[in-house]
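Observations on the model geometry
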Amino acid sequence: MNKKRILALTLCSALSLSLLSGCDTGSGKPADNDGNQAVSDSSAASGKESVDVPEIEGYSLLWNDEFNGDKLDTTCWQYDPHEPGWTNSELQEYTTSEENVFTKDGVLHLKAIKTKDDNGNDYYTSGKIKGQNLKDFMYGKVVVRAKVPEGQGLWPAIWMMPTDEDHYGQWPKCGEIDIMETLGHETEKAYGTLHYGEPHGEQQGTYVLEGGETFASDFHEFSVEWEPGEFRWYIDGNLYHTVNDWFTAVDGEDDKPYPAPFDQTFFVQLNLAVGGTWPGNPDATTNFDNAEFLVDYVRVYQKPEYDTNVTKPLPTFRMPLEDGNLIYNGDFSEEEALDDEDNWRFLLFNDGEGTAEIKDGELRIYPEKKGTEEYSVQIVQAGLPMYKGSKYKLTFEARSDEKRVMKVCISAPTSGWVRYLQDTPVHTTDEWQTFEYEIDMEKKTDPNGRLEFNMGKFSPVKNVQIRNVRFEMIEASDEAKEYMALMSGEEVASNEAAVTETAEAEVTEAQAEYAADTTEAQTEEVTEAAETEAAE
């Protein structure tokens, strides 16, 4: 297999030609008798306390910051000021103030501060820093040791964006790598997410601490391994999320050659947001005396070379049961647990409370508190194959203790939460009723549609029973027929196979040429910029 040697160390060094005493760059010590090298940073050269940085087998240290100086190292980072509401309806102003961003005792502090504006309203400032145009790189392992704050409305993040956000187009087409996010009201849980598209696609992994431990009670190590054809997320060395099937495109056009958009240089950024669409806003319980995101170190490692000749894996689509039903356990004959991702799953969000069970061939939901969102109390089943051009029918029976309303939809949790079946009110009574809906699938094919029954936010809060859920394809597109033939192991006609093989070979060749051209162009651009900066 052809390999393209990616010299990101050269890229990073080129950016720092005139900054030799700045941000730490790994340097190896002489090997011991076993051939191992101890790695140390260049802190001593910049007047900072030297720190021994551990080796990682198969990697070399590309750059690092141990935050052991008396102020932010601006050869590694730049401040990223923004006004309130800049994104996600967040409340904070990101400033360049040392009250919001400072180093102390070898730790970076990003501090959120609550004050009052001229009208007496609550006003929040906080810190955000980024390595754009200073420490950009393509492929590697990013390792960050950090401790998050606890409190409603606090939203710390370790994430990456491309150096040139216009290369494939504005977000989400450009791509985004979220190494770690936590929400201040549930600090036992951390998220790692990949964003891409368009339409917007995302794949998110979740890691939950047990035994009462939280990410706010101590420091933890968060890392991502970024390779041409795969991302892997770790917490404290434990792998919890892997992604290898992303894409990017202008909506309505063909996909760009894989592995776009993640075949360009990205940079690391750190911030502490306040409020926003995901965590919600602070409340009376939020203690801003302790609203600090603490970062012990950021270390970026890289392998000596990466194989850029990668092919996007074919998606896996769920096959229908013998009776054609794409819903598994739709007759509720199996009294399965509802707290895992196998078939049915019961979920609570945003102050929703309740329980659910499968009993006597029924799914029974017992809401206790409606919560603030329609999805605050929900039962879902994901993994539904949604083929563009196909037609589907959803049927189910439902009743409730008294008259009430819930909503049903088929959503796209990994494709921007679009709706294949719009959020549709279902009016139930104490009598069993049958509900039926037809769906013309007009959007991009998606192997992960999700059936949702949402019972949050609605009054009155009454128990619901559901039975005999069916979701079936009533008209199959050519694409659906082809994928189902492949999944069932049937042979495709020889002429079709020949066409497919030729097309795949052409795509693989185009991908290799595109990756090589992109890498060469990026190297030339970065080197030219660095030489210009050095000359100035």
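Look up: the structure comes first, before these words.
Presented here is an overview of the structure given in this document. (Residues numbered from 1 in each chain as written. Predicted model: local features only at pLDDT ≥ 70, side-chain atom pairs only at ≥ 80, totals over all residues. Heavy atoms only, no water.)

Topic: the overall build of the chain
When its secondary structure is counted, the chain shows 3 helices and 31 strands. Roughly 24,800 Å² of accessible area belongs to the chain as shown, and the carbon and sulfur atoms make up 44% of that amount. (Helix = DSSP H or I, 4+ residues; strand = E, 2+ residues; numbered from the N terminus. Areas by Shrake-Rupley, 256 points an atom, 1.4 Å probe, with all protein chains shown as cover.)

What about the sheet that holds strand S31 (residues 464-475)?
Note on sheets: strands pair through backbone hydrogen bonds, and any given pair is parallel or antiparallel. With antiparallel pairing, the 5 strands of this open sheet are ordered in space as S23-S24-S31-S26-S29. Only two strands of the sheet have a single neighbouring strand rather than two, namely strand S23 (352-359) and strand S29 (433-440). Strand-to-strand twist across the sheet, computed as the mean angle between neighbouring axes with direction ignored, equals 25°. Strand direction decides the pairing type here: strand S26 (residues 391-400) and S31, joined by 9 bridges, are antiparallel. Paired with lysine 391 across the bridge in S31 is glutamate 475. (Pairing = 2+ DSSP bridges. Axes fitted to C-alpha atoms, helices over the stretch in contact; angles between N-to-C directions.)

A closer look at the pattern of salt bridges
Applying the stated criterion across every chain yields a total of 25 salt bridges. Note that lysine 116 is salt-bridged to aspartate 122, the shortest N-O span being 2.6 Å. Taking the relative accessible area as the measure of exposure, lysine 116 reaches 55% and is therefore exposed. Aspartate 122 gets classed as partly exposed once you look at its relative accessible area, which sits at 36%. Note that arginine 470 and aspartate 323 form a salt bridge whose closest N and O atoms lie 3.1 Å from each other. With arginine 470 in strand S31 and aspartate 323 in the loop between strand S21 (292-302) and strand S22 (344-348), this residue pair connects regions lying 147 residues apart in the sequence. Classification of arginine 470 by relative accessible area gives partly exposed; the value is 21%. (Salt bridge = Lys/Arg side-chain N within 4 Å of Asp/Glu carboxyl O. Buried < 20%, exposed > 50% of the residue type's maximum accessible area, 1.4 Å probe, protein only.)

What to know about helix H2 (residues 478-487)
Within H2 the residues assigned to the buried category are Ala480, Tyr483 and Ala485. Immediately downstream of H2, the backbone of glycine 489 shows phi near 85°, a positive value.

With respect to unusual backbone geometry
In the segment running from glutamate 198 into proline 199, the intervening peptide bond is cis, with an omega of 10°. Inspection of the secondary structure puts proline 199 in the loop between strand S15 (189-196) and strand S16 (201-208). Following alanine 260, the chain continues to proline 261 via a peptide bond in cis, the omega torsion being 10°. In this fold, proline 261 is placed in the loop between strand S19 (238-243) and strand S20 (266-274). Notably, serine 89 is not glycine yet its phi reads approximately 60°, a positive angle. On the secondary structure map, serine 89 appears in the loop between strand S5 (78-79) and strand S6 (92-94). One non-glycine residue with positive phi stands out, namely asparagine 343, at about 60°. Position of asparagine 343 among the secondary structure elements: in the loop between S21 and S22.

Brief notes about the pairing of S16
Here S15 pairs with S16 via 8 bridges, running antiparallel. Its bridge partner lying in S16, glycine 192 is registered against glycine 205. The hairpin formed by S15 and S16 contains 4 residues between the paired strands, and glycine 197 there has a positive phi angle of roughly 135°.

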